[in-house]
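Each chain is listed here by its residues.
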Amino acid sequence: MTRRFALLMTFVLTFGTGMAAYASEGGEPLIRQSWSFNGPTGTYDRAALQRGYKIYREVCSACHSMKLVYYRNLEALGYNEEQIKNIAKDYTYMDGPNDEGEMFERPGLPSDPFKSPYENDKQAAAANNAVPPDLSLIAKARPGGPDYIFSLLTGFEEHPPEGHTLLPGQHWNHYMPGHVLAMAPPLSDGQVTYEDGTPQTLEQYARDVAQFLMWAADPYMEERKRTGIKVILFLLVFAGVMYTLKKKIWADAH
Ligand code: HEC
């Protein structure tokens, strides 16, 4: 009994202090959502992805690049070829050299990567006090993924808690590890217009852009899950066949 108690205490103490250390270094526990893509048969919500892309395009892309995503990839969100061409041609790209050896500007094409807001990291840092990270893989790069992105975007506090002071250009966030970051709250109620009647609230924007960033970081998730289910079904059938076969082969052996 005492041994068991000692074991239990060791367990509680190890985990307890571990968790406390984690909580003080990191941000607060994340707000968990039930995403449509959770679970073994989960899929992306196309309408949410399109709204999320709109948020990225109209808000986040002013500071954050997404260099690993190409306009043609937007087909997965349900846009057709014509719509994608129209989206891409709103951006200007440097190309060349042409036959005279000159660089020239041209409208974007579906085969271009998303246009970056800055020429390089130095320019990005000079404009923002810190380099806004590329968002292509951010949903995979941060623990909690889409839950972290949702929590971060909704977790700003205008004034830091007592005993903390912020330098100019710093902002307080409940979920950012260390709580201080160089990004001002990028979203607020009513900022982006939704044509499909979805509520134009900070929470909704954050949920939609988190889903879009999850798709960008893991565009083949649905395919992978479908393949996984097929493999499991195959293995079940195969096991059944092998079992019957075994019964048959060994039927006469006593
Ligand atoms: C005005 C510029 C600006 C805009 C607009 C902006 N960000 Fe940021 N963002 C930054 C900067 C700068 C950082 C780096 C902060 C730091 O490391 O202190 C950052 C950091 C981040 C991070 C990483 C936080 C971490 O864990 O390190 C995420 C995620 C993020 N932004 C998401 C977004 C999303 C989503 C949007 C659009 C809704 C957005 N940002 C809009 C400037 C911006």
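All values reported here derive from a predicted model rather than from experimental measurement.

Undergrad: I'm lost on the environment of N173 in this one. Help?
TA: With respect to the helices and strands, N173 occurs in strand β4 (residues 171-173). Among the residues examined, N173 registers a relative accessible area of 0% and is labelled buried. Separated by 10 residues in sequence, N173 and M183 place their C-alpha atoms 9.6 Å apart. Those residues in contact with N173 that lie beyond four places of it in its chain are L152, G155, F156, H179 and L181. Only 3.4 Å separates the side chain of N173 from the backbone nitrogen of M176, close enough to count as a polar contact.

Undergrad: Looking at this model, I keep getting lost on the sheet that holds strand β5 (residues 180-181). Mind explaining?
TA: Pairing between sheet strands relies on hydrogen bonds along the backbone, with the strands arranged either parallel or antiparallel. An order of β3-β4-β5 is seen for the 3 strands of this open sheet, with the pairing classed as antiparallel. Of all strands in the sheet, those with a lone pairing partner are β3 (156-157) and β5, marking the two edges. Two elements, β4 and β5, share 2 bridges in a ladder whose sense is antiparallel. Following the sheet pairing, H171 is matched in β5 by L181.

Undergrad: Looking at this model, I keep getting lost on the coordination of the iron atom of the ligand. Mind explaining?
TA: Metal coordination angles have textbook ideals: 109.5 degrees for a tetrahedral set of four donors and 90 or 180 degrees for an octahedral set of six. Taken together, H64 (NE2) and M183 (SD) make up the full set of protein donors to the iron atom of the ligand, lying 2.0 to 2.1 Å away. What the 6 donor atoms of the iron atom of the ligand show is an angle range of 85 to 178° at the metal, which sorts the shape as octahedral. With H64 in the loop between α2 (46-58) and α3 (81-88) and M183 in the loop between β5 and α7 (202-217), the pair connects residues that are 119 residues apart, well separated along the chain. In this structure H64 comes out as buried when scored by relative accessible area, which is 10%. What makes M183 partly exposed here is its relative accessible area of 23%.

Undergrad: When you look at the packing of aromatic side chains in this model, what are you seeing that I'm missing?
TA: Between two aromatic rings, the relevant description is the distance of the centres plus the angle of the planes. Counting across every chain of the model gives 12 aromatic pairs. Where Y194 meets Y205, the ring centres are 5.4 Å apart and the plane angle is 80°; that geometry is what we call edge-to-face. Here Y194 is found in the loop between β5 and α7, whereas its partner Y205 is found in helix α7, with 11 residues between them in sequence. For Y194, a relative accessible area of 6% corresponds to the buried category. By relative accessible area, Y205 is classed as buried at 0%.

Cut-offs and rules
Residues numbered from 1 in each chain as written. Predicted model: local features only at pLDDT ≥ 70, side-chain atom pairs only at ≥ 80, totals over all residues. Heavy atoms only, no water. Helix = DSSP H or I, 4+ residues; strand = E, 2+ residues; numbered from the N terminus. Buried < 20%, exposed > 50% of the residue type's maximum accessible area, 1.4 Å probe, protein only. Contact = heavy atoms within 4.5 Å. Polar contact = N/O pair within 3.5 Å; in protein donor to acceptor, adjacent residues only side chain to side chain. Pairing = 2+ DSSP bridges. Donors = N, O, S within 2.8 Å, 3.2 Å for Na, K, Ca; no water. Tetrahedral: all angles 85-135°; square planar, octahedral: opposite > 155°, others 65-115°. Phe/Tyr/Trp six-rings, centres within 6.5 Å; stacked < 30°, edge-to-face > 60°.

Note that every value here comes from positions in space, so none of it alone points to a role or purpose.
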